[in-house]
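Descriptive analysis of the structure
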Amino acid sequence: MIAPVPEFTTIQTHFAGQEIAPLAARFGTPLYLYDVGRIAQRIEDLAAFDVVRYAQKACSNLAILDRVRRAGAVVDAVSFGEIRRALAAGFSPRGDDDRPAGIVYTADIFDRESLDLVVEHGIHVNCGSPDMIDQLGERRPGAEVTLRINPGFGHGHSQKTNTGGEQSKHGIWHEQVDDCLLRADRHGVTVTGVHMHIGSGTDLEHLSQVCQAMERTVATIGRTVTTISSGGGLPVPYKSDESFIDLQRYFELWDAARNRISDSLGHRVTLEIEPGRYLVAEAGCLVAEVRAVKRMGGNLFYLLDAGFNDLARPAMYGSHHPIALSPRDGSDHDRPEVDAIVGGPLCESGDIFTQQEGGFVCSRPLPIAQVGDYLLLGNAGAYGFAMSSNYNSKTRAAEVMIEDGQVKLIRSRETFDDLVRGELIPE
Ligand SMILES: *Cc1c(COP(=O)(O)O)cnc(C)c1O
């Protein structure tokens, strides 16, 4: 069912069939590259689910959203800006008889402008707080909503990605469903969906617990429920000793829960999945140029022109990304390996790509590199560019997609004017 992971070797001259060095020369570095075919494959992997709803926060470039739409997925939006992006990429907000809503707003609050936009376009809302039911109900009496339920436990690849349990701010506490139904009744709002997303990096042991919690919640709400969503969190392997989750098994557990729910309600219930990372992680890589190679006592450092402003995951979660060398001259001859620490240009000691959770700097065996060579940080398509920032007044990278052997610029590198847009120096 699952297409194989692209091999990441320590020397890599190509990505998605394209030579890297000429791309780096043409578009400059740091540079994000996306392999569109791989995103389509990952959507295809999930075809057993009725609806694949892409959590666009993982990578929300308009061109990527457009290709996700063309591949048959719909989209999740967590903010005003993400709703606007989805509209701009051609998703239609409302579903019709046999099509799911093209856009669902999933959040724990409405800021005022999101609420206006949701009301204006009739966008379906997945409520993560009881207050949202009142706020929407006042503006759009008779609305249909989904409730995002925190089942009382969670799971995540790091504490920061655990989205269930008492410590989590996400969702409606599982014991407050009755209160939510009262609020909904007051405004003539109907609860048509139940959603659970307990964290990123879900494993199968937790899954049957989540399915049971889903069944209990639907039983409390009753026959108005027509859709359940298993949320996101499908893991992808970042290290060579990690593997994909057994998707077949994952689907079967949810499908069985859905069937029990359908039987008890007496009508067919739609099963959605809401992946972010799974669709785009391996499709993207960050290309950076080595700008310094220096020794500090016993340690060798490769310093790049990309930092945690470009790819925040290692500094934020201690995440591991595969790293390959792409020689400047395009040659693929073997080079001897050395242990190197890979860092960026920012004035922060935490600006290190080879670190573990807790900020422990570590080295990685990598081919000997020279200034001017490129390093490729793999599995960077999810939460890569999307989390990038202008910290240290760095302009954000260009983004390029590779599709059917063609190279297409999908976001220009930022300029100084972009950086200071909106800033004013008063008289
Ligand atoms: C972040 C998020 C997702 C996607 O999580 P992944 O781990 O990228 O699959 C899905 N649903 C919700 C509500 C999210 O907040």
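Report on the accompanying structure. For clarity, every value in this text was computed on a predicted model and none was experimentally measured.

**Points about the overall build of the protein**
A count of helices and strands for the protein gives 12 helices and 22 strands. Against the globule reference of 22 Å for 427 residues, the protein gives a C-alpha radius of gyration of 23 Å, in line with a compact fold. When its C-alpha atoms are laid out on the principal axes, the protein stretches across 65 × 60 × 40 Å. Relative to its 427 residues, the protein shows a buried fraction of 56%. Sequence separation of at least 24 residues holds for 71% of the intrachain contacts in the protein that already meet a minimum separation of 6. In the protein, the 41 positive side-chain charges and the 58 negative ones have mean positions that sit 2 Å from each other.

**Describing the packing of helix H4 (residues 80-88) against helix H5 (residues 112-121)**
For the pair H4 and H5, the least separation of the axes is 9 Å and the interaxial angle reads 35 degrees. Only Glu 113, Ser 114, Leu 117, Val 118 and His 121 of H5 make contact with H4, whose side of the interface consists of Phe 80, Ile 83, Arg 84 and Leu 87. For the contact of H4 with H5, the residue count by class is 5 nonpolar, 2 polar and 2 charged.

**Quick word on helix H1 (residues 20-27)**
Among the residues of H1, those classed as buried are Ile 20, Ala 21, Leu 23, Ala 24 and Phe 27. Along the axis of H1, the buried residues cluster in a sector spanning 165 degrees; they form a single face. For H1, the exposed residues set more than 90 degrees away from the buried face come down to Ala 25 and Arg 26. Taken from the residues just after H1, Gly 28 is the one with a positive phi, measuring 80 degrees.

**Here we look at the pattern of salt bridges**
For the structure on display, the rule yields 24 salt bridges. Arg 53 serves as the salt-bridge partner of Glu 272, at 2.8 Å between the closest nitrogen and oxygen. Remark: Arg 53 occurs in strand S4 (residues 51-55) and Glu 272 occurs in strand S12 (residues 270-273); sequence separation between them is 219 residues. On the accessibility criterion, Arg 53 (1% relative accessible area) is buried. In this structure, Arg 396 engages Glu 414 in a salt bridge whose closest nitrogen and oxygen atoms are separated by 2.9 Å. Residue Arg 396 is found in the loop between strand S20 (374-377) and strand S21 (398-403), and its partner Glu 414 is found in the loop between strand S22 (406-411) and helix H12 (416-420); the two are separated by 18 residues along the sequence. The pair formed by Arg 396 and Glu 414 is uniform in burial state, with each residue classed as buried.

**Quick notes on the nonpolar core**
In terms of nonpolar packing, the biggest core is built from 105 residues, with Tyr 54 and Leu 147 touching the most fellow members. Excluding anything up to four places from it in sequence, Tyr 54 contacts Cys 59, Ile 64, Leu 65, Val 68, Val 74, Val 75, Asp 76, Pro 275, Gly 276, Leu 279 and Val 280.

**Comments concerning the packing of aromatic side chains**
The full count for this structure, using the stated rule, is 6 aromatic pairs. Geometrically, the ring pair formed by Tyr 32 and Tyr 34 is stacked, given 6.1 Å between the ring centres and 10 degrees between the ring planes. Note on Tyr 32: relative accessible area 0%, which makes it buried. Ring centres 5.5 Å apart and planes at 5 degrees place the aromatic pair Tyr 105 and Phe 110 in the stacked group. In textbook terms, an aromatic cluster arises when at least three aromatic residues are bridged by ring pairs, as seen for Tyr 32, Tyr 34 and Phe 385.

**Things to note about unusual backbone geometry**
For the bond from Thr 29 to Pro 30, the omega torsion is -5 degrees, close enough to zero to count as cis. Its identity is not glycine, yet Tyr 383 carries a phi of approximately 55 degrees, on the positive side. Along the chain, the position of Tyr 383 falls in the loop between S20 and S21. In this structure Tyr 383 comes out as buried when scored by relative accessible area, which is 10%.

Calculation notes
- Residues numbered from 1 in each chain as written.
- Predicted model: local features only at pLDDT ≥ 70, side-chain atom pairs only at ≥ 80, totals over all residues.
- Heavy atoms only, no water.
- Helix = DSSP H or I, 4+ residues; strand = E, 2+ residues; numbered from the N terminus.
- Rg over C-alpha atoms; globule rule 2.2 N^0.38 Å.
- Buried < 20%, exposed > 50% of the residue type's maximum accessible area, 1.4 Å probe, protein only.
- Contact = heavy atoms within 4.5 Å.
- Lys, Arg positive; Asp, Glu negative; His and termini not counted.
- Charge placed at Lys NZ, Arg CZ, Asp CG, Glu CD.
- Axes fitted to C-alpha atoms, helices over the stretch in contact; angles between N-to-C directions.
- Nonpolar A, V, L, I, M, F, W, Y, C, P; charged D, E, K, R; others polar.
- Arc of directions from axis to C-beta.
- Salt bridge = Lys/Arg side-chain N within 4 Å of Asp/Glu carboxyl O.
- Core = buried A, V, L, I, M, F, W, Y, C linked by side-chain atoms within 4.5 Å.
- Phe/Tyr/Trp six-rings, centres within 6.5 Å; stacked < 30°, edge-to-face > 60°.

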